[in-house]
Amino acid sequence: MVGLEAVACGTGDTLAKEQAEASSKEDVVKALGNAASSLRTKLGESLASVQKFNVPIEATTSSLEALKTFSMGVTTETQKGDAEAIPFLRRAIELDPNFAVAYAVLGVSYANLSQPSLSAENLKKAYEMRERVSEKERLRISAYYYAFVTGELEKEAQTYQLWIQSYPRDSIPRGNLGSNFGFTTSLFSAATPR
């Protein structure tokens, strides 16, 4: 049994609760996704909105253990850096060899550590699996692939713009698009006679 509870930040009052049962350890992530959709409806989100923006958690991985390990990798990367995150990301992939977004994040970590061959290897794997993931993850994987594997900065920028239109509250594409424009501008300035 998995449960979710929405709590009012100011008062601590429970706004809504939802529970779902998983028949096995492998089904926990799917049950959690179903509970989240139901909770969103209870909180007043329209059915049309829930259906439009519902991204099943299992689209990323069906392994709860892989998801937890991946989350530790992302947290470690934020707090300690890419080198410290790599063991978690690699372990998440060992637990689920089809975990496309884990390959993508690992590829970016290798790129940040100036290891282009390992970066390209992992990003190519993620890109090959991009049809098995959610739309948001597909955009993320594609943008990283264009940035670090093919060097197609215009395609990368277009992908970030589509990501921003589809998920306007997500800060990742905005920051990366800014970096893309900065890099493109510096290349243009360096090549343009003054």
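Residues numbered from 1 in each chain as written. Predicted model: local features only at pLDDT ≥ 70, side-chain atom pairs only at ≥ 80, totals over all residues. Heavy atoms only, no water.

Novice: Explanation requested: the environment of Leu 106 in the structure shown.
Specialist: Here Leu 106 is to be found in helix α5 (residues 100-112). A residue is classified by how much of its surface remains accessible, and Leu 106, at 3% relative accessible area, is buried. Distance from Leu 106 to Pro 87, taken between C-alpha atoms, is 9.4 Å for residues 19 residues apart in sequence. Apart from the residues lying within four places of it in its own chain, the contact partners of Leu 106 are Ile 86, Leu 89, Arg 90, Ile 93 and Asn 122. (Helix = DSSP H or I, 4+ residues; strand = E, 2+ residues; numbered from the N terminus. Buried < 20%, exposed > 50% of the residue type's maximum accessible area, 1.4 Å probe, protein only. Contact = heavy atoms within 4.5 Å.)

Novice: I'm lost on the pairing of strand β2 (residues 14-20) in this one. Help?
Specialist: Successive residues of a regular strand alternate their side chains across the two faces of the sheet. In terms of strand pairing, strand β1 (residues 2-7) meets β2 through six bridges, oriented antiparallel. From the neighbouring strand, Val 7 faces β2, where its bridge partner is Thr 14. Turn length for the β1-β2 hairpin, with the two strands adjacent in sequence and antiparallel, is six residues, and the turn residue Gly 12 shows positive phi of about 80°. (Pairing = 2+ DSSP bridges.)

Novice: Please clarify how the side chain of Glu 18 should be interpreted in this entry.
Specialist: Inspection of the secondary structure puts Glu 18 in strand β2. Among the polar contacts made by the side chain of Glu 18, one reaches the side chain of Ser 38 at a distance of 3.0 Å. (Polar contact = N/O pair within 3.5 Å; in protein donor to acceptor, adjacent residues only side chain to side chain.)

Novice: Can you walk me through the packing of aromatic side chains in this structure?
Specialist: Each aromatic ring pair is specified by the distance between its two centres and by the angle formed by the two planes. Evaluation of the coordinates by the stated rule reveals five aromatic pairs. Their ring planes at 25° and their centres at 5.8 Å tell us that Tyr 160 and Trp 163 sit as a pair that is stacked. Highlighted residues: Tyr 160 and Trp 163, both in helix α8 (residues 153-166), separated by three residues, approximately one helical turn. On the basis of relative accessible area, Trp 163 is assigned to the buried category, the value being 1%. Three or more aromatic residues joined by ring pairs form one cluster here, namely Tyr 127, Tyr 145 and Tyr 146. Taking NZ or CZ as reference, Arg 130 lies 3.7 Å from the ring centre of Tyr 127, over its face. (Phe/Tyr/Trp six-rings, centres within 6.5 Å; stacked < 30°, edge-to-face > 60°. Lys NZ or Arg CZ within 6 Å of the ring centre and 35° of its normal.)

Novice: Sorry, what's going on with the packing of α5 against helix α6 (residues 116-128) here?
Specialist: In helix packing, the relevant descriptors are the interaxial angle and the interaxial distance, both defined with respect to the helix axes. As a packed pair, α5 and α6 sit with axes 7 Å apart at the nearest point and diverge in direction by 160°. Judged by the angle between their axes, α5 and α6 are roughly antiparallel. Seen along the crossing, α5 lies across α6 with a hand that is left-handed. The residues of α6 that touch α5, namely those facing Ala 100, Tyr 103, Ala 104, Leu 106, Gly 107, Tyr 110 and Ala 111, are Leu 118, Ser 119, Asn 122, Leu 123, Lys 125 and Ala 126. Tallied by class, the residues present in the contact of α5 with α6 amount to nine nonpolar, three polar and one charged. (Axes fitted to C-alpha atoms, helices over the stretch in contact; angles between N-to-C directions. Parallel < 35°, antiparallel > 145°, perpendicular 65-115°, else oblique. Left-handed = near helix turned anticlockwise from the far one by under 90°. Nonpolar A, V, L, I, M, F, W, Y, C, P; charged D, E, K, R; others polar.)

Novice: Would you mind showing me how to read the pattern of salt bridges here?
Specialist: Opposite charge on two side chains lets them pair, provided their charged atoms get close. Tallied over the entire structure, the rule returns seven salt bridges. The closest approach of N and O atoms between Lys 42 and Glu 18, which form a salt bridge, is 2.8 Å. Placement of the pair is Lys 42 in helix α1 (residues 28-42) and Glu 18 in strand β2, with a sequence separation of 24 residues. The buried category is assigned to Glu 18, whose relative accessible area is 15%. A salt bridge links Arg 130 to Glu 131; its shortest N-O distance comes to 3.7 Å. Looking at Arg 130, the relative accessible area reads 22%, which means it is partly exposed. The class of Glu 131 is exposed, set by a relative accessible area of 57%. (Salt bridge = Lys/Arg side-chain N within 4 Å of Asp/Glu carboxyl O.)

Novice: Even after reading the chapter, I still don't get the packing of α5 against helix α7 (residues 135-150), so can you show me in this structure?
Specialist: Closest axis-to-axis distance for the α5/α7 pair is 10 Å, and the angle between their directions is 30°. When the axes of α5 and α7 are compared, the pair comes out roughly parallel. As α5 packs across α7, the resulting crossing turns out to be left-handed. Taking contact as the criterion, the partners of Ala 100, Val 101, Ala 104, Val 105, Val 108 and Ala 111 in α5 are, on α7, Glu 137, Arg 140, Ile 141, Tyr 144 and Phe 148. Looking at side-chain class alone, the contact of α5 with α7 contains nine nonpolar, no polar and two charged residues.

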